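# Residue-level structural notes
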Amino acid sequence: MPPISRSSLFGTERVAALRKLRGEIVIWWYGPVAGLTSTRQSPNVIVFVRPVLTDGSLGDIFTVKVALNFLGLLRIGTIWVEGVCVGEWAFLQKNMTFSVNFDLDSYEIVSPYDNPELPNVSSGYPLPYSRDKNWMLRFPLQGGRQLLLPCMEFLARGYGSNKLISQTLSTLPWEDCLDRFFVPTETGKTAEVWPIKLTERMREQDAVLLAHLLHDPYTQRAAKSIYGQLGSRNQGDLTFLKILPWFESQARIRVNGLWVDRSNTFLALRLSGMSDPQGVSVLIHRNTFIDENPALPDDTNDTGNLDRFGTLLVTPPIVDLTDQIEPDRKPPQIAVVESGFALLGHPRTILTLPQYQRRQMWRKDKIASELANEAHLAGIGEGEGADKDVDEADIHSTHAVLSAGVVFDLWNIFKERSGQAEGGILEAAYFTFEDGFQTDDPPLFIALRKPHENAERKILRWTQMFPDNPASRMRGILVLRLTLTEGIFYLFEIERRFRHEEEEDGSLAERFTEEAFKGFLMVAIEEQFHVWLSYFLDKVRETQGVIKNIDFPQDQILTTVFVHSSGDDTSRPGEYAVENALKKARVLLAKMKSIEAG
């Protein structure tokens with residue numbers, strides 16, 4: 001096993017199953033399903049963990065039982081203390097992209113127990129048992145090599161961003177699953193479009209998977225096989241799940257893991273991205289809920305606006321996640337966002353047809369009081385009873401998107417200068433919620449969250465990269481951490497659209513130019529960066545990229561903006577903007593040192 005080092009993460013979720021464990025533990029491996037949680041809302045999964053010893057080495061493997069819904073938070077390699085994620089061991093090779101084939105005759109489902117000829121994975125990554133019974137997808141790679149992806153990881157991350165999907169497929173018969181996912185519609189599928197009408201708790205981000213669940217016989221067989229393996233088992237039985245990819249075709253997947261078996265086998269321990277299956281357009285018949293209290297939506301942004309699912313968009317300081325108590329009936333939902341999931345390749349075309357109906361919005365004073373709590377208890381599954389003060393955890397992942405354009409020029413210059421004496425840049429790294437700070441190419445944007453459905457039309461259009469295209473993705477924000485000899489600062493850039501230049505007569509030219517936005521600089525300690533990053537991502541939507549209109553408490557952090565205009569003495573695009581950013585950042589760093597010195 002290669003040398004490992006620690007990098008910092010800051011979790012706001014506290015998983016009840018891990019709270020009683022003493023000291024630091026590392027999530028090591030996912031095991032079989034062991035019945036259902038005490039509320040019978042989700043499968044219990046045996047998770048193998050290892051303690052971090054006083055000398056920094058790892059101790060013997062032991063197990064805990066965790067609800068399937070939580071596996072996307074308990075990523076392999078992450079470090080936890082008393083139920084809170086505090087870091088990760090940086091021994092995994094990240095963002096490895098492979099081309100694979102999901103056709104049934106192009107891969108195998110294998111386990112070390114049933115396939116003694118499998119390479120000895122434990123020689124590079126010690127498994128709980130050398131002949132482990134957990135099933136893995138085996139894909140052939142070029143040059144006679146192979147990729148191994150644990151089935152439990154594919155279920156936890158590959159079957160939708162909304163964890164309710166994998167939970168439902170694992171616990172309910174097929175007809176009940178359909179009732180949880182879809183509202184009946186009289187519109188049938190055609191050769192050009194697959195229509196779906198989603199229930200309130202389903203996300204448009206999962207529209208392609210959901211459309212295949214409703215219309216694709218292969219996907220239905222793959223999904224039904226999950227409950228088929230679990231539905232007839234006794235509560236104490238151990239079930240080692242075989243999970244099929246939910247579509248057939250060539251695909252690209254992005255994984256984190258490590259090479260074992262003398263670099264002939266890549267053991268993928270985390271699935272972090274996947275391509276869509278190609279096919280006809282998906283048409284969403286969506287109930288767009290209108291609030292019964294029309295005066296509320298305009299003034300809730302400063303306390304915790306609600307999206308269409310009734311989810312609190314501002315997460316409380318600590319969310320206590322439990323699988324031992326079901327939520328109250330019809331509770332507020334707490335947004336719990338796991339690491340991002342990249343959509344690779346060309347996205348499937350998705351069309352949305354809103355249909356309006358009224359629903360009650362949570363009172364503003366209720367939201368404010370919830371957010372003021374130091375800790376908040378949230379359960380999973382269907383709500384039952386009342387007055388338990390248990391809200392529902394809305395666990396889902398976000399999308400990361402590739403960057404391009406003006407900001408890419410900045411990134412290239414910062415990268416070239418990092419580690420060199422010129423410019424004094426020690427390191428340039430970008431940040432995503434999925435992987436924290438990374439230095440590899442290409443950098444990734446953080447996709448903005450979709451605004452509330454009652455937001456102004458200009459805000460809804462601004463947040464989309466292609467507002468006139470029904471399949472548009474959200475605009476992204478590139479977040480950089482630059483380490484100088486003087487200290488660390490953070491740089492935020494808005495993804496630009498390309499637009500036609502205008503001729504003198506007002507007609508559109510053949511040439512294209514990018515939108516113009518100022519860059520944003522922040523000097524803060526890392527804990528404050530994580531807090532104010534979320535604030536920035538919310539406010540930059542409201543101001544439509546006019547950063548000077550975003551107020552920050554300058555007694556806690558120092559911020560400024562910089563321009564990207566071209567200097568007369570530079571010939572390389574982006575060079576003047578880099579110099580401008582460094583100049584202003586050094587002023588902020590000097591000011592911060594003066595403040596700290598008193």
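Not measured: the values here are computed from a predicted model. All residue numbers here refer to positions counted from 1 along the written sequence of the relevant chain. For this predicted model, a pLDDT threshold of at least 70 governs which residues receive local features, and a threshold of 80 or more governs which side-chain atom pairs are given and counted, while totals over whole chains, interfaces and linings are taken from all residues. Note: side-chain values were computed over all heavy atoms of the structure, leaving out hydrogens and water.

Helix numbers and strand numbers start at the N terminus; a helix is a DSSP run of H or I with at least 4 residues, a strand a run of E with at least 2. Counting its secondary structure elements, the protein chain contains 10 helices and 33 strands. Across the protein chain, every contact between residues at least 6 apart in sequence was considered, and the portion connecting residues at least 24 apart equals 70%. Only the protein chains shown count as covering a residue, and every accessible area follows the Shrake-Rupley method with a 1.4 Å probe. Carbon and sulfur atoms form 49% of the exposed surface of the protein chain, whose accessible area is close to 26,400 Å². Here, residues are in contact when the closest pair of their heavy atoms is within 4.5 Å.

It is worth spelling out the pairing of strand E33 (residues 558–562) at this point. Burial classification: accessible surface area is computed with a 1.4 Å probe over protein chains only, and a residue below 20% of its type maximum counts as buried, one above 50% as exposed, and the rest as partly exposed. In terms of burial, E33 is largely enclosed, as four of its five residues are buried. Strand direction decides the pairing type here: strand E32 (residues 519–523) and E33, joined by five bridges, are antiparallel. Paired with phenylalanine 520 across the bridge in E33 is valine 561. For two strands to be treated as a pair, DSSP must find at least two bridges joining them.

The next thing to look at is empty space enclosed by the protein. We place a 1 Å grid over just the protein atoms. Points where a 1.4 Å probe fits but has no way out form a cavity, open points with protein on both sides within 12 Å along at least 5 of 7 lines form a pocket, and any residue with an atom within 4 Å of a point lines it. Grid points are joined across faces, edges and corners, and a volume is the space filled by probe spheres set on the points. According to the stated counting rule, one finds five cavities of 30 Å³ or more in the structure shown. Roughly 60 Å³ of volume is contained in the largest cavity. The wall of the largest cavity is formed by Trp29, Tyr30, Gly31, Asn134, Trp135, Pro150, Cys151, Met152, Phe240 and Leu241. If you list the elements that add at least two residues to the lining of the largest cavity, you get strand E3 (24–36) and helix H1 (151–158). When residue character is reported, Ala, Val, Leu, Ile, Met, Phe, Trp, Tyr, Cys and Pro are called nonpolar, Asp, Glu, Lys and Arg charged, and the others, Gly included, polar. A per-class count over the lining of the largest cavity returns eight nonpolar, two polar and no charged.

Glancing now at the pattern of salt bridges. Salt bridges are defined as contacts in which a side-chain nitrogen from Lys or Arg sits within 4 Å of a carboxyl oxygen from Asp or Glu. Using the criterion set out here, one finds 18 salt bridges in the structure. Between aspartate 538 and arginine 449 there is a salt bridge; the shortest N-O distance is 2.5 Å. A residue pair is termed long-range when its members are at least 10 positions apart, and aspartate 538 in helix H9 (residues 526–542) and arginine 449 in the loop between strand E27 (444–447) and helix H8 (457–462) qualify at 89 residues. Here the salt bridges do not stand alone but share partners, grouping Arg14, Arg19 and Asp320 into one network.

Take the nonpolar core next. As used here, the term nonpolar core means buried Ala, Val, Leu, Ile, Met, Phe, Trp, Tyr and Cys residues forming a set that is joined through side-chain atoms within 4.5 Å. Formed by 108 residues in total, the largest nonpolar core has its most connected members in Tyr125, Leu147 and Phe154. Considering each element in turn, this core owes the most residues, eight residues, to E3. Formed by 28 residues, the second largest nonpolar core is a distinct cluster that contains Phe445, Leu484, Leu558 and Phe562.

Before going further, it helps to examine helix H5 (residues 217–230). Count 3.6 residues to each turn of an α-helix, and residues three or four apart come out pointing the same way. Counted at 1.5 Å a residue, the expected span for H5 with its 14 residues is 20 Å, and the 21 Å between its end C-alpha atoms agrees. Every buried residue belonging to H5 is among Tyr218, Thr219, Gln220, Ala222, Ala223, Ile226 and Leu230, and all of these are buried. Considering only its buried residues, H5 is in contact with E3, H1, helix H2 (163–171), helix H3 (174–181), helix H4 (207–215) and strand E13 (238–239). Capping of H5 at its N-terminal end is provided by aspartate 216; its side-chain oxygen lies 3.0 Å from the backbone amide nitrogen of tyrosine 218. Expected span of a helix: the number of residues minus one, times 1.5 Å. Under this definition, polar contacts are N or O atom pairs within 3.5 Å; protein pairs additionally need one hydrogen-donor-capable and one acceptor-capable atom, and for neighbouring residues in sequence, both atoms have to be side-chain atoms.

Here we come to the environment of leucine 344. When you line up the elements, leucine 344 lands in strand E20 (residues 342–344). In sequence terms leucine 344 and arginine 254 are 90 residues apart; their C-alpha atoms lie 8.1 Å from each other. Dropping the residues within four chain positions of it, leucine 344 is found in contact with Thr97, Arg252, Ile253, Arg254, Gly273, Met274, Ser275 and Asp276.

Attention shifts here to a positive patch on the surface. Patches here: salt-bridge-free residues with over 30% relative accessible area, like charges joined within 9 Å, nonpolar side chains (Val, Leu, Ile, Met, Phe, Trp, Tyr) joined within 5 Å. In this tally Asp and Glu are treated as negative and Lys and Arg as positive; neither His nor the chain ends contributes. Note that the charge is assigned to NZ on lysines, CZ on arginines, CG on aspartates and CD on glutamates. On the surface, a cluster of positive charge is contributed by Lys518, Lys548, Lys583 and Lys584. Of note, lysine 548 is situated in the loop between H9 and E33.

Two elements in contact, helix H7 (residues 406–417) and helix H10 (residues 575–597), have axes separated by 9 Å at closest approach and are oriented at 65 degrees. By the angle between their axes, H7 is roughly perpendicular relative to H10. Crossing geometry of H7 relative to H10 is assigned as right-handed. Between H7, through Leu410, Ile413, Phe414 and Arg417, and H10, the contact on the second element is made entirely by Glu575, Ala577, Val578, Glu579 and Leu582. In terms of residue class, the contact of H7 with H10 is made up of six nonpolar, no polar and three charged. Axis lines are fitted through C-alpha atoms, for helices just across the contact stretch, and the angle between N-to-C directions can take any value from 0 to 180 degrees. These descriptions rest on fixed angle ranges, namely under 35 degrees for roughly parallel, over 145 for roughly antiparallel, 65 to 115 for roughly perpendicular, and the rest for oblique. Left-handed describes a crossing whose near helix is turned anticlockwise from the far helix by less than a right angle; the clockwise case is right-handed.

Let's shift gears to the environment of valine 337. Note that valine 337 resides in strand E19 (residues 333–338). Considered as a pair, valine 337 and serine 161 are 176 residues apart in the sequence and their alpha carbons are 9.6 Å apart.

With that out of the way, let us pick up unusual backbone geometry. Look at glutamate 82: it is not a glycine, yet its phi comes out positive at around 50 degrees. Within the secondary structure layout, glutamate 82 lies in the loop between strand E6 (78–81) and strand E7 (84–89). You will see that serine 249, though not glycine, has its phi angle at about 160 degrees, which is positive. Structurally, serine 249 can be placed in the loop between E13 and strand E14 (250–260). Judged by its relative accessible area of 22%, serine 249 is partly exposed.

Another point: the confidence of the model for the protein chain. Chain-level statistics for the protein chain give a pLDDT mean of 80 and a share of 81% at 70 or above. Contacts of residues 289–314 to residues separated by more than four positions or lying in other chains number 80 contacts, the stretch itself having pLDDT below 50. For residues 355–373, every residue scores under 50 in pLDDT, and the model assigns this stretch 58 contacts once sequence neighbours within four places are set aside. For every residue, the predictor assigns a confidence score, pLDDT, that lies between 0 and 100.

Each Phe, Tyr or Trp ring, with Trp reduced to its six-membered ring, pairs with another whose centre is within 6.5 Å; inter-plane angles below 30 degrees give stacked pairs, above 60 give edge-to-face pairs, and intermediate values give tilted ones. Enumeration according to the criterion identifies 25 aromatic pairs in this entry. A centroid spacing of 5.5 Å and a plane angle of 80 degrees characterise the contact between phenylalanine 431 and phenylalanine 433, whose relative ring orientation is edge-to-face. Taken together through their ring pairs, the aromatic side chains of Phe431, Phe433, Phe437, Tyr490, Phe492, Phe520, Phe529 and Phe536 make up a single cluster. Remark: a charge is flagged as sitting over a ring if the NZ atom of Lys or the CZ atom of Arg is within 6 Å of the ring centre and within 35 degrees of the ring normal. Sitting above the plane of the tyrosine 113 ring, lysine 133 keeps its charged end 4.8 Å from the centroid. The positively charged end of lysine 242 is found above the aromatic ring belonging to tryptophan 135, 4.3 Å away from the centroid.

Pairs of packed helices are described in terms of their axes, by the angle between the two and the distance that separates them. Between H4 and H5, whose axes approach to 6 Å, the crossing angle comes to 95 degrees. Taken together, the axis directions place H4 and H5 in an arrangement best described as roughly perpendicular. Two secondary-structure elements touch here, H4 through His212, Leu213, Leu214 and His215 and H5 through Pro217, Thr219, Gln220 and Ala223.

Turning to H4, a few remarks are in order. With eight of nine residues buried, H4 lies mostly within the body of the structure. Of the residues making up H4, those classed as buried are Ala207, Val208, Leu209, Leu210, Ala211, His212, Leu213 and His215.

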